[in-house]
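What follows is each chain in one-letter form.
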Amino acid sequence: MRPTPPPRTYRVKSFGCQMNVYDGERMAELLAQQGITPAPEGEEADLVVLNTCHIREKAAEKVYSDIGRLRREDGTAPLIAVAGCVAQAEGEEIMKRAPAVSMVVGPQAYHRLPGMISDAVEGRRSVDTDMPAETKFDALPARRKVGPSAFLTVQEGCDKFCTYCVVPYTRGAEISRPFNDLVAEAHRLVEAGAREITLLGQNVNAWRDESNRGLEKLIEALAAIPELARIRYTTSHPTDMTQGLLEAHRDVSKLMPFLHLPVQAGSDRVLKAMNRSHTAESYLRILDQVRAMRPDIALSGDFIVGFPGETDAEFEDTLRLVDRVGYAQCFSFKYSARPGTPAATMPDQIAPEVMDERLQRLQAALNRDQLAFNQASVGKRCTVLVERKGRHEGQWLGKSPWLQSVHFSGEAAIGDLVEVELTEAGPNSLSARLLQPVHG
Ligand code: SAH
Ligand code: SF4
Ligand code: F3S
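Given the structure is predicted, the values throughout are model-derived calculations rather than measurements.

Caption draft 1: Region of the structure containing the pattern of salt bridges. Taken as a whole, this structure holds 39 salt bridges when the rule is applied. Note that Asp312 is salt-bridged to Arg358, the shortest N-O span being 2.8 Å. One end of the pair, Asp312, is in helix H13 (residues 312-325); the other, Arg358, is in helix H14 (residues 352-377), with 46 residues separating them in the sequence. Between Arg368 and Asp323 there is a salt bridge; the shortest N-O distance is 2.8 Å. Linking Arg368 in helix H14 with Asp323 in helix H13, this pair joins segments that are 45 residues apart in sequence. When salt bridges with common partners are traced through the structure, they connect Glu25, Arg26, Glu29, Arg143, Arg177 and Glu185 into a single cluster.

Caption draft 2: A look at the site of ligand 2. Around ligand 2 sit Cys158, Lys160, Phe161, Cys162, Tyr164, Cys165, Val167, Pro168, Asn203, His237 and Arg276, and that is every residue in its neighbourhood. Of the residues belonging to the shell around ligand 2, the class tally is seven nonpolar, two polar and two charged.

Caption draft 3: Looking closely at the sheet that holds strand S7 (residues 149-153). The three strands lie next to each other as S7-S10-S11, forming an open sheet whose pairing is parallel. Pairing within the sheet leaves two strands with one partner each, and these edge strands are S7 and strand S11 (230-234). Here the average twist between neighbouring strands, direction ignored, is 25°. Relative to S11, strand S10 (residues 196-200) is paired through five bridges, and the arrangement is parallel. By the bridge assignment for S11, Leu199 is matched with Tyr233. Contacts from helix H8 (residues 179-191) reach S7 and S10 within the one sheet, and its direction differs from that of S7 by about 160°. Those strands touched by helix H9 (residues 215-223) are S10 and S11, and its axis lies near 155° from that of S11.

Caption draft 4: Spotlight on unusual backbone geometry. Across the junction of Thr234 and Thr235, the peptide omega takes the value 0°, indicating a cis bond. Of note, Thr235 is situated in the loop between S11 and helix H10 (243-251). Unlike most non-glycine residues, Asp348 shows phi in positive territory, near 60°. The residue Asp348 is located in the loop between strand S14 (329-334) and H14 in this model. Judged by relative accessible area, which is 58%, Asp348 ranks as exposed. Located in the positive-phi region is Leu403, a residue other than glycine, with phi close to 65°. Note on placement: Leu403 falls in the loop between strand S16 (395-399) and strand S17 (405-409).

Caption draft 5: Local environment of the pairing of strand S15 (residues 381-389). Here S15 pairs with strand S18 (residues 417-425) via five bridges, running antiparallel. The residue bridging Leu385 from the neighbouring strand is Leu417, located in S18. Sheet topology note: the S15/S16 ladder contains four bridges and is antiparallel. Across the sheet, residue Leu385 finds its bridge partner in S16, namely Lys399. Taking the residues between adjacent antiparallel strands as the criterion, S15 and S16 are bridged by five residues, where Gly394 takes a positive phi near 75°.

Caption draft 6: Fine view of the sheet that holds strand S1 (residues 9-14). Taken in spatial order, the six strands of this open sheet run S2-S1-S3-S4-S5-S6, and their pairing is parallel. Of all the strands in the sheet, just strand S2 (37-38) and strand S6 (126-128) have a single pairing partner and so form its edges. Here four bridges tie strand S4 (residues 79-83) to strand S5 (residues 101-105), and the two strands are oriented parallel to one another. Following the sheet pairing, Ile80 is matched in S5 by Val101. Helix H1 (residues 18-33) rests against S1, strand S3 (47-52) and S4 of the sheet, and its axis sits at about 170° to S1.

Caption draft 7: The arrangement of helix H5 (residues 113-121) in detail. Leu113, Pro114, Met116, Ile117, Ala120 and Val121 are the residues of H5 that are buried. Looking straight down H5, one finds its buried side chains confined to an arc of 160°; they lie on one side. Considering only its buried residues, H5 is in contact with H1, S3, S4, S5 and S6. Positive phi appears at Gly123, one or two residues downstream of H5, with a value of about 95°.

Procedures and definitions
- Residues numbered from 1 in each chain as written.
- Chains lettered and ligands numbered in written order.
- Predicted model: local features only at pLDDT ≥ 70, side-chain atom pairs only at ≥ 80, totals over all residues.
- Heavy atoms only, no water.
- Salt bridge = Lys/Arg side-chain N within 4 Å of Asp/Glu carboxyl O.
- Helix = DSSP H or I, 4+ residues; strand = E, 2+ residues; numbered from the N terminus.
- Near = heavy atom within 4 Å.
- Nonpolar A, V, L, I, M, F, W, Y, C, P; charged D, E, K, R; others polar.
- Pairing = 2+ DSSP bridges.
- Axes fitted to C-alpha atoms, helices over the stretch in contact; angles between N-to-C directions.
- Contact = heavy atoms within 4.5 Å.
- Buried < 20%, exposed > 50% of the residue type's maximum accessible area, 1.4 Å probe, protein only.
- Arc of directions from axis to C-beta.

Rendered as structure tokens:
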């Protein structure tokens, strides 16, 4: 690589889960601290960070087409850093396949980006996929300005090793950030404009503090911050759903009535082959318990169809489970064989057409339930946290306590928590009538 002038502007593009969104924000803050500014809308940036996702094949391949698109007509390109989970999984391979890339940085090493940029400016390419003992969090600058709904990573990595999943390899072992650091970061997020904080982790409910206290203790501590109105957490694993956390849904009013608890499949044989450590029944029991604590709770989950060996009858078990739960919203995916995972070499991989058909049937059921959930909300009064302007003049968009998108018209501003009556429901959003601002 030839030396290049130091970059003056950057763009960070994040793909994948919310943790990548959080990491993307932290990288942006780090670059800003180096005096590099966000590239204006529509203009090319001197430095592009592709913060990638490796969870499914399509997501992982996307990075190469994105790199291709960054190439200019004269064959040159901006400085390109590949970050995130593809960086971790493929490392040097990216350097070989994409000569335009000058930096490859894994999710646990991105605090070292400034040094890598200096190398790139001098014409040296670098790969850093270390998982250092010192955590990146201590090396990152303080949060300055955030939207009304902010993310806070509290736990990272995964020790569950579901047989289809790359996350334990790309994010490393489970670590919990210290209690005091998190409370301090939450305070800074609130000072920077957050009214809602979503606690993030690959297995967020596996978070423990130094004296083995669970996530509910952190939730209680954050609930004591007066200007913070709402708390959420995602993603949880059924195995780590403790009594204390279930009770927090009853006892902590700032904890929103929403639980994202992936189940993946409804057949116990498939769940076992996935190494999920729960059965359909044990999962349903947790949902019963959380509903007993908080009867209006909105439930959400993730599903995989076409796991190797899944029979028609086993897929029907998934549909039956869906019918029993009545989800408010869900994510569902076709199984994607990931290199290095045990499931990738299991016998009886399912044909793509079979997966397509199963996914369609599952999504039809999930869409039906999502619409029913939204329709059942009509007539309810609730708060909405205003997150942005709507498409029409005087229209605002925000989220209900149950994480539904809600739009309404009237006097409001971004960051307001307003009271509304939900008046009309569609599959993906609701309209509402503004009653009064709760907080200005
Ligand atoms: N830690 C969370 C989320 C992991 S990734 C959990 O345990 O639930 C988000 C979702 O992607 C998973 O819940 C799963 O539904 C899906 N997923 C993961 N690996 C996949 C694969 N190889 N093919 C298809 N979907 C996958
Ligand atoms: Fe992946 Fe399973 Fe860990 Fe979730 S719990 S991140 S699906 S290995
Ligand atoms: Fe994707 Fe990594 Fe998140 S693989 S889903 S970006 S943890």
